[in-house]
Amino acid sequence: MRLRSMKAALFAAAFNLALMPAHAAIPANTMAQFSQLSSAQQEAVAAQYGLDVNDLRGQDTTVQEQPINPSLSARQLQPGMASQRPQLQQANQDGLDAPLQPFGYNVFAAQPTSQTPLADIPVPDDYVVGPGDELRIQLFGKENANYRLTVNREGSVDFPKLGPISVAGLTFRQVSDTLQSRVAEQFIGVEAAISFGTLRTMQIFVMGDAYQPGAYNVNALTTVTQALQIAGGIDTVGSLRKVQVKRGGQMVQQVDLYKLLIWGNSEDDIRLRPGDTVFIPAKGVEVSIAGLVKRPAIYELSGPAALSNVLGLAGGLKAEALKAVSVTRRTESGLKMFTLDLAKSADRGFTIRDGDKIELLPTTTEYSTAIALKGAVVREGAYSYQSGMRISQLIKDSRRDLKATADLDYALVVREINPQHEIEVHQFNLGRAISVPGSADDLLLQARDQVLIFSRAGNNDFADPSATKLAEDAQKRQQRLANQPYAGQGMMANQGMMANQAGVAQAAFAQGNGQQAYAGTGNQQQLAASGTQLTQAQQQSAQLASATARAQAQDQMVLDPQTGALVSVSDLTDKGNVTLTQVAKSVGMISLAADSREALLQSVLDKLKAQASRQHPVQIAEVRGEVKFPGVYPIGSNSSLADLVAAAGGLSEPAYVAELSRIQEQADGGLSIVHQRYALSDIAKLNGAPRAKSKDSLSILANPDWREEATVQLFGEVKYPGTYTVRRGETIGSLLQRAGGLTDYANAKGVIFARESLRKQEADRLQFIKGQLRQEISTLALRRQTSSATYRTSPTEAVGLVDQLENTQAIGRMTINLPAILAGQKNMDLILENGDKLYVPTFQNVISVVGQVQLPSSHIFEPGMSVQDYLDKAGGTKKQADTDRIYVIKADGSVMLPDSSYWFSRRSGALEPGDTIVAPIDSDYLDTLSTWTSATQMLYQLGVAWSAIN
């Protein structure tokens, strides 16, 4: 029967071979049957179907197996982590607060995906061959053949031409030697190579607290740990210390997986046999080990164990762990705490029981015998302390050990004086300590001292806008000028007034940029008339802004936003306004804030305040006034007022006299403040200077005749324009005399004077006005809801106009009577301040008419012509003009409201060259359509009401 089925298979194979390529192979199952026939049967079958028996015998009946290459990917190391394994990272990162995980369960945790046993694992020489195993035999030499022989139930294999050979119970090495010797004896000139084919399968049981207990088909090489992985691992309630292997109802092996996990000992991991049961009982004694050990986790003990052995399970202690171990134990009366010293033999042998919690805490991070060096030094940190050590031994070379900004006149040693860690402060001169070793300033150090070296740049330098943003302000000023095409235009839009001379200067500036002079004048007229409508002006201004931004040369001429003068960019960068004090403050701005007095002294001051008591007042004092670093400073041992001044960085230039305010306790227990003046020479004495006491307040007062140097800029028609340094009390008249007076083309009545302090006041007022306008618009919106009138401007548009005030810049212009000043009238003269600007325009014989007129334009001044005459020349006023509020902006910036006689009289002196006539818009104006709409609604409502009555 077997021969018949095999012949049919060979017939089909022969037919397929005729159609298939030459390299095609006969199916493996057919060749397996062919190999089991005798040699005579094989030759007969091959001849019957026209096949070469040698080809069939040489045909490899196995399926070509693809090599399995492990897939490895790069794993990024994290040196900062205590462990690279995820299960240990969390425990090490979170320390004692991290939830501990049971140890070892993750190693065997898996998810079974198939019940098919593995068959491609290598077979060791000591493997015992049994029924179901397959042997691969290759004969080579005089005769070539391949055989796949399966061990039958009787434990033998049927070897062609050799007959049955018993192999059951023999190891793979013994079977290989037996078969090779038999082939050598029976076949002359033929050798055999023996290898293993398919391993036999067997059924085992994994029971107890496994992840998926049950029966599994595994290969004959399966060990206990492999069986556990096939079953998905051990549940966390199961034991890792007492895994049992049962065979025939008897336990043949108890496996302690901790031997494999911790010490790498696999002697208990035996090979299973068919029908074996791997049983996992519930876990036994369990303890928690947390804190500074190598592997914090929950461990299972095989029984009560010594503390040292239990810590060995966790990998031992970390280097920073304290040798004192805390053990918490649950008893019937509650929790009980044991503190054990690992340095003692008896404590190391302390018996650990079920449920104990072991914690190992860190040692202190403070240095016991070191010296800390902080501040403006090249190498901060802790330094080794030696008995008799001094400052000069800690800092040997100022160039090598100190930063360039280090203060050599002031340094501190902070020293602990008792076990409560209270401190005292010792002040010394760092420069003398380094240059004169062994001097009084070269202090003798003690263990745990802190040496603080301060920087000459304090935090105040970073907060002082005048010192930290000199270059930044200059750059922003240039950008602001580039974005503002008409400086005079902005002034008109903001305040509604500007002399016509500025408009002429703007027109000239527009011509210089390739624009029409009339464009600039027209924009001014529109702005002065509308007050807040900037749409057309902004569009035309953008062209000049672009041209200004493209030209970055320092000699480019732009308009000063405060005076309208045509000046160079370099004159507006505040280069002439940089004072000596600002330069002094800007030194050391690149120093780190961590080196400043504020940063280093904060913790010292807090400690001194915390340790103060009635018997020991707080040892701090305040220094303010004309010193480089005003503030609160600690009082060192035997410190004088001179030491306080040195702590504050020394005296500044205006310093003149010192005033000491000291709190004294009276006999009745009350407190009084005593003030006393000292000359600076008395304070500066190294010996004999007044001593500093708790809560002293030392004020260094300035010289009353000293003032910061001030600069004033002159533009326009003066003989020698430029930036001038002025003394205190100098006036406009005296400065113009220094500048050579005015030129022959100057218009003294049209002078523009701007002051920085006034500009700041105007900026505050603009913010206030903006808030008021928003409130009025909100009120108007509510009023519109109850009114039948229709307004041309909606509240939304009004809010948009108010938002344009954000772009409005304050000017700070002051109206002065320059002709009177030049005539020597002292009451008209003005004392100059720092940052003042004076622009004397060129005389222009022009009268400008702007606002709500038919054609805003400029006209030649004709003596005797009235306001109405110039309005008629401009085509008259528009319908929406407010004729009751027409006003005149004089050349000097003042505003004149003409009386009724000005409309018809031709009195001379009413108008002067350079004046501007403004016809404002009527804010209550309603167009005809809106009026008729309101009237129609009223008539309609009356008609409806009358119809209802009738």
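Residues numbered from 1 in each chain as written. Predicted model: local features only at pLDDT ≥ 70, side-chain atom pairs only at ≥ 80, totals over all residues. Heavy atoms only, no water.

A. Here's a closer look at the overall build of the protein chain. When helices and strands are tallied, the protein chain shows 32 helices and 39 strands. Among the 950 residues that make up the protein chain, the fraction classed as buried is 42%. The long-range share in the protein chain, meaning contacts at least 24 apart out of those at least 6 apart in sequence, stands at 64%. Accessible surface for the protein chain amounts to roughly 50600 Å². Of this, 52% is attributable to carbon and sulfur atoms. (Helix = DSSP H or I, 4+ residues; strand = E, 2+ residues; numbered from the N terminus. Buried < 20%, exposed > 50% of the residue type's maximum accessible area, 1.4 Å probe, protein only. Contact = heavy atoms within 4.5 Å. Areas by Shrake-Rupley, 256 points an atom, 1.4 Å probe, with all protein chains shown as cover.)

B. The arrangement of the packing of aromatic side chains in detail. By the definition in use, this model includes eight aromatic pairs. Ring geometry for phenylalanine 172 versus phenylalanine 196: centroids 5.2 Å apart, planes at 55°, classification tilted. A residue pair is termed long-range when its members are at least 10 positions apart, and phenylalanine 172 in helix α7 (residues 172–186) and phenylalanine 196 in strand β5 (residues 190–196) qualify at 24 residues. An identical accessibility class is assigned to phenylalanine 172 and phenylalanine 196; each is buried. Joined through ring pairs, the aromatic side chains of Phe103, Tyr258 and Tyr299 make up one cluster. (Phe/Tyr/Trp six-rings, centres within 6.5 Å; stacked < 30°, edge-to-face > 60°.)

C. The sheet that holds β5, seen in detail. Spatially, three strands are ordered β2-β1-β5 in an open sheet, and the strand pairing comes out antiparallel. Because the sheet does not close on itself, it has two edges, and the strands there are β2 (145–150) and β5. When the angles between neighbouring strand axes are averaged without regard to direction, this sheet yields 20°. As paired strands, strand β1 (residues 134–141) and β5 are joined by seven bridges and run antiparallel to one another. (Pairing = 2+ DSSP bridges. Axes fitted to C-alpha atoms, helices over the stretch in contact; angles between N-to-C directions.)

D. Fine view of the pairing of strand β10 (residues 277–280). Side-chain alternation along β10 places Val278 and Ile280 on a buried face and Thr277 and Phe279 on a face that remains uncovered. Where strand β6 (residues 201–208) meets β10, four bridges bridge the pair, whose relative direction is parallel. Note that in β10 the partner of valine 206 across the bridge is valine 278. Here strand β8 (residues 243–247) pairs with β10 via three bridges, running antiparallel.

E. Up close: the pattern of salt bridges. Inspection of every chain in the model, using the stated rule, returns 29 salt bridges. For aspartate 356, the salt bridge goes to arginine 329, with nearest N and O atoms at 2.8 Å. With aspartate 356 in the loop between β16 (351–352) and β17 (357–362) and arginine 329 in strand β14 (residues 321–331), this pair connects stretches of sequence that are 27 residues apart. Accessibility assignment for this pair places aspartate 356 and arginine 329 in one class, buried. Glutamate 665 is the salt-bridge partner of arginine 614, the closest N and O atoms lying 3.3 Å from each other. Placement of the pair is arginine 614 in the loop between α23 (597–611) and β25 (620–625) and glutamate 665 in strand β27 (residues 655–665), with a sequence separation of 51 residues. Here arginine 614 falls in the exposed class, since its relative accessible area comes to 70%. When salt bridges that share partners are traced, they join Asp125, Arg173 and Asp177 into one network. (Salt bridge = Lys/Arg side-chain N within 4 Å of Asp/Glu carboxyl O.)

F. Fine view of the nonpolar core. Ile289, Tyr299, Leu307, Ile352 and Ile358 are the most contacted members of the largest nonpolar core, which has 45 residues in total. The element contributing the most residues to this core is helix α10 (residues 307–313), with four residues. Non-local contacts of leucine 307, meaning those with residues more than four positions away in its chain, are made with Val325, Leu340, Leu342, Asp347, Arg348, Gly349, Phe350, Ile352 and Ile358. Among the nonpolar cores identified, the runner-up in size contains 34 residues, and Leu601, Phe629, Leu644 and Ala647 belong to it. (Core = buried A, V, L, I, M, F, W, Y, C linked by side-chain atoms within 4.5 Å.)

G. Spotlight on the sheet that holds strand β37 (residues 887–889). In spatial order, the strands read β36-β35-β39-β37-β38; together these five strands make up an open sheet with mixed pairing. Every interior strand has two partners, whereas the edge strands, β36 (857–860) and β38 (895–896), have only one.

H. Seen up close, α7. With 15 residues, α7 extends 21 Å from end C-alpha to end C-alpha; this agrees with the ideal 21 Å at 1.5 Å per step. For α7, every residue scored as buried is listed here: Phe172, Val175, Ser176, Leu179 and Val183. Buried residues along α7 cover an arc of 100° about the axis, so they all sit on one side. Turned more than 90 degrees from where α7 packs its buried face, Ala184 and Glu185 sit exposed. The secondary structure elements touched by the buried residues of α7 are β1, β3 (156–159), β4 (163–166) and β5. (Expected span 1.5 Å × (residues − 1). Arc of directions from axis to C-beta.)

I. Quick peek at the environment of valine 107. Relative to the elements of secondary structure, valine 107 occurs in helix α6 (residues 105–108). The partly exposed category is assigned to valine 107, whose relative accessible area is 43%. C-alpha separation for the pair valine 107 and glutamine 229, spaced 122 residues apart in sequence, amounts to 8.8 Å. Filtering out sequence-adjacent residues up to four positions away, valine 107 remains in contact with Gln229 and Leu261.

J. Structural context of the environment of leucine 660. Tracing the sequence through the fold places leucine 660 in strand β27. When residues no more than four places from it in sequence are discounted, the contact partners of leucine 660 are Leu641, Val674, His675, Gln676, Tyr678, Asp696, Ser697 and Leu698.

K. Representation of the confidence of the model for the protein chain. In this model, the protein chain carries a mean pLDDT of 75, and residues with pLDDT of at least 70 account for 67%. Overall, residues 15–24 carries pLDDT values under 50, and its contacts beyond four positions in sequence, including any with other chains, amount to three contacts. Predicted confidence for residues 459–471 stays below pLDDT 50, and this span has 24 contacts to residues more than four positions away or in other chains. (pLDDT = per-residue confidence, 0-100.)

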